[in-house]
Structures are given as structure tokens and as C-alpha cells.
Protein chains: 2
Amino acid sequence: MATVSALGYALLCALHRGPLTGYDLVQRMAKPIGYYWTARQSQIYPELARLSAAGLIEHEAEDGPGPRQRKTHRLTAAGRETLAAWLVEPPAPRAPRAPRDEAVLKTYALAAADPDRMREFYLAEAEAYQRRLDDFRAQHTEMRSRHADDPGHPQFGAYATLELALVSTPARIQWCRWMAERMAELGRPHRDQ
Amino acid sequence: MATVSALGYALLCALHRGPLTGYDLVQRMAKPIGYYWTARQSQIYPELARLSAAGLIEHEAEDGPGPRQRKTHRLTAAGRETLAAWLVEPPAPRAPRAPRDEAVLKTYALAAADPDRMREFYLAEAEAYQRRLDDFRAQHTEMRSRHADDPGHPQFGAYATLELALVSTPARIQWCRWMAERMAELGRPHRDQ
DNA sequence: TTGCTCATGTAAGAAGTTACATGATTCA
DNA sequence: TGAATCATGTAACTTCTTACATGAGCAA
């Protein structure tokens, strides 16, 4: 059987609730449901072709708005099985799972920068995360009103990703503010004499 | 002036406290100080050459243990400036910053998998994060005893990355356990009748 | 004598980004 | 008339991973 890439699994995941066009997938992977995976258009279309060739998805084509046909992709039985088997596998402990976080990287080398400017950096970060949190909260309430917080609800998975965002984002915001305070201390070290 | 890649900045960050060999950098970027950035050997050596060509780092060479010379790399004045300017820049809101989290991706499609097996998945995740947290806590205490929790201390940056890990990891563990409970409900839905 | 640590590099390929290309319909 | 949305694709390039290659010194 064909080996499926991480992106391939991400697309199978996105298709698990029902058929979508490539264009729909592009929207979802651009700024996705819970900021957990991204991909560009130029990656998505070839990957859909690969999944199709492997028999994990299939599509119906109709005439589209542009010069090409509009294709609606759905999981095949084999695709559903492949997805189900991958979901329960423990996340590769062997491998990269590289968590790349620019702000944390910068923090590591913070001694090389000006404290006042770093203070502004952390305040801006805190604000950006706060805005994101507000957005998450709105989605969360909306999903609750549709009873997606019931584990049996078909959208419970999407709800659960929001739940994670709602517990981890405040921790991050707190940390940013704490960092901003430390930077203020450094900038004016004799303030409390 | 030459444009520096994200990896390039990561190496400049790693060098900010003093000179290191490529080998040292490989160790640090393999399972680094706070799980915030990773890179492989085969990326690091060419990148060091590029930074050198751009005049941001320089090195002394001695005879090494193997067939090649051992090189100790340090930031130049230009490198230090480039790093300082980058540190205070707000993290690119325009761009990818793709947060790739396999466990969250799987959660999104959780309805396609067997609840009992997913329960095991979340319990394993919780345990893995717990082990990591213990590791972080040990490093944290050790750094505190060396007074790295003082913002003026040269290692405060490294300490601060641990601080973030110590507030965000428990939130993640809680979430994993909460997910495991939801999965248990689904597996035996009539338990409390 | 096998395996580990130190130490630096290259080659081939997969994955991901930026930019280009086409064209109908709808909205301001 | 100009921009946005829907819709699918390709080309060129950068970045990242996996695997190979070399070789001294040291410990079990």
C-alpha cells in the first residue's frame, strides 16, 4: 500500500465529515479551524491527485466557473480505514515533531536585545494572542449552542480543538505579560529604590 | 545585505552567549533547550557556511579528532547587530507561522476512529507530556539555584523559555485527560444509568 | 573488537513557499 | 471598470529530512 504523507492525512481528516472541493480545502488549510495545520493551494491540489491515485479518495466532476472542472472529493472505504488506523497510532516519538516558535526562540536570545523594545514585543504578542482568544471564544460559544460539546456530536472533534485553544492561550498571554514586566524591570532597574 | 533565513537566526540566537562548534549546535538543535526549534546536522553545517559568507559569524580552526578541522564559531559585530534588530521585530503576522500539531489534527477527525483506542491515545499523550514536564521542572529548579530567574542574569532567556513550558504543559496534560474521559463516556455510554 | 563520542561534511529526495496562469460571475 | 469570489492547476525555488562518508580516541 502507498505511504501517506502528513499532509495527506491532514486532507483525509478534513474530508472525514463529508465531501469537499479542492477550493474548500484550501480555505480550511489556510487559516484553519483551530490553527493546528496549514497548507497552500499548490501543495493541496497535487496531494489530492496522489490520494486519488492511491484510491483513498474519489471525486465527481461537474462544469466549474473557470476553464476547468469542479471536483468534489470524498473518502473511499479504503480512505476511511487508512484514516481510522492512523488516528489511533501514538504520535511518532521517534521523529521530528519540530515545534517552531519564533517568539520562544527570540526569548532564548533576549539578552542580546534592548529591554524596552523587547517589552513592546511581548505586549504586542499578548495583544495578538488576546485577539485570537476572543475569536476562539466566539466560535466556542457558537458550537456550544449547537450542542457540539456532546462527545457524540459529529462536530465534537472540532469543538475539542477549540477547548484546547481556550485553556492554552490564556497561559501564553499570562506569560507574555510576565515577560513584559521583567523587561520593564530591566529597562528601569532603580524604580523601587 | 544578505537576507537571513529562520534557521540562520536560530543559529545566531544559539551563538549569542558565546562561541560554539558546529557539533555543539547540532546537540542544541536536536533536542533543544526548551523544545522551541529544531534542525538537523545536514542543515546546520551549510547554514554556518552561509552566515560566515555573509559576515555574521567567524571562526577559529584547530586540528580536530577526525579528518577535518574543528571550527569554533562566534558572532561578529555585524552578526550581533543583525540579531538584535531581528529580536525586537514583531513576529511576522503576514506569514506562515504554521503550527503543526499532529494530536490536534487527529482530534479534529476523532469521529472517524474507535473511542476506546482514542482514549488510549490521549492517555499516552498525557503521560508523554507529564514526563516532559518533569524534565522541565528539574531544569527549572536547577536554573533557579543558579539565580537565572533574575532578569539581569545572562541565562534569563533560557530560564524564561522553561517558565513558558511550565505554565503551558499542565494545561495540555489537563486537556489530554479531559479528552480521555470524553472517550470513556463514548465507549461505555450507559454507565451511569 | 565492537560501539560510543567527538567532529565535519555531501547527496538525493521530500515537503513547503512564492509566484504565475486561466476565466466566469457577482458586487460596488 | 475594477475588484472579489469561485475554481483548478503548474513552475521555480527554498527548506528540511534521510542517508552516506570519514576517522581519531576511549571504554567495556
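Residues numbered from 1 in each chain as written. Chains lettered and ligands numbered in written order. Predicted model: local features only at pLDDT ≥ 70, side-chain atom pairs only at ≥ 80, totals over all residues. Heavy atoms only, no water.

Looking at this structure, how should I read the packing of helix α1 (residues 6–15) of chain B against helix α3 (residues 41–53) of chain B?
A pair of packed helices is characterised by two quantities: the angle between their axes and the separation of those axes. Residues and elements named next belong to chain B. For the pair α1 and α3, the least separation of the axes is 10 Å and the interaxial angle reads 85°. Classified by the angle their axes make, α1 and α3 are roughly perpendicular. In this structure, α1 contributes Leu7, Gly8, Leu11 and Leu12 to the contact, and α3 contributes Gln43, Ile44, Glu47, Leu48 and Leu51. When the residues that make up the contact of α1 with α3 are grouped by side-chain class, the tally is six nonpolar, two polar and one charged. (Axes fitted to C-alpha atoms, helices over the stretch in contact; angles between N-to-C directions. Helix = DSSP H or I, 4+ residues; strand = E, 2+ residues; numbered from the N terminus. Parallel < 35°, antiparallel > 145°, perpendicular 65-115°, else oblique. Contact = heavy atoms within 4.5 Å. Nonpolar A, V, L, I, M, F, W, Y, C, P; charged D, E, K, R; others polar.)

For this particular structure, what's the right way to read the pattern of salt bridges?
Pairing between side chains of opposite charge can happen when the charged atoms of each approach one another. Residue and element names in this part refer to chain A. For the coordinates displayed, the defined rule picks out 19 salt bridges over all chains. Across the salt bridge formed by arginine 172 and aspartate 101, the nearest N and O atoms sit 2.7 Å from each other. Taken together, the positions of arginine 172 in helix α7 (residues 156–187) and aspartate 101 in the loop between α4 (77–87) and α5 (102–108) put the pair 71 residues apart, joining distant regions of the chain. For arginine 172, a relative accessible area of 10% gives the class buried. Across the pair glutamate 181 and arginine 182 runs a salt bridge whose closest N-O atoms are separated by 3.5 Å. It is possible to trace a salt-bridge network through shared partners that takes in Asp101, Glu125 and Arg172. (Salt bridge = Lys/Arg side-chain N within 4 Å of Asp/Glu carboxyl O. Buried < 20%, exposed > 50% of the residue type's maximum accessible area, 1.4 Å probe, protein only.)

Would you mind showing me how to read the packing of α7 of chain A against helix α7 (residues 156–187) of chain B here?
The N-to-C vectors of α7 of chain A and α7 of chain B enclose an angle of 160°; their axes lie 10 Å apart at closest approach. Considered as vectors, α7 of chain A and α7 of chain B are oriented roughly antiparallel to each other. Considering how the two elements wind past one another, α7 of chain A and α7 of chain B form a crossing that is right-handed. Its residues placed into classes, the contact of α7 of chain A with α7 of chain B shows 20 nonpolar, two polar and six charged. (Left-handed = near helix turned anticlockwise from the far one by under 90°.)

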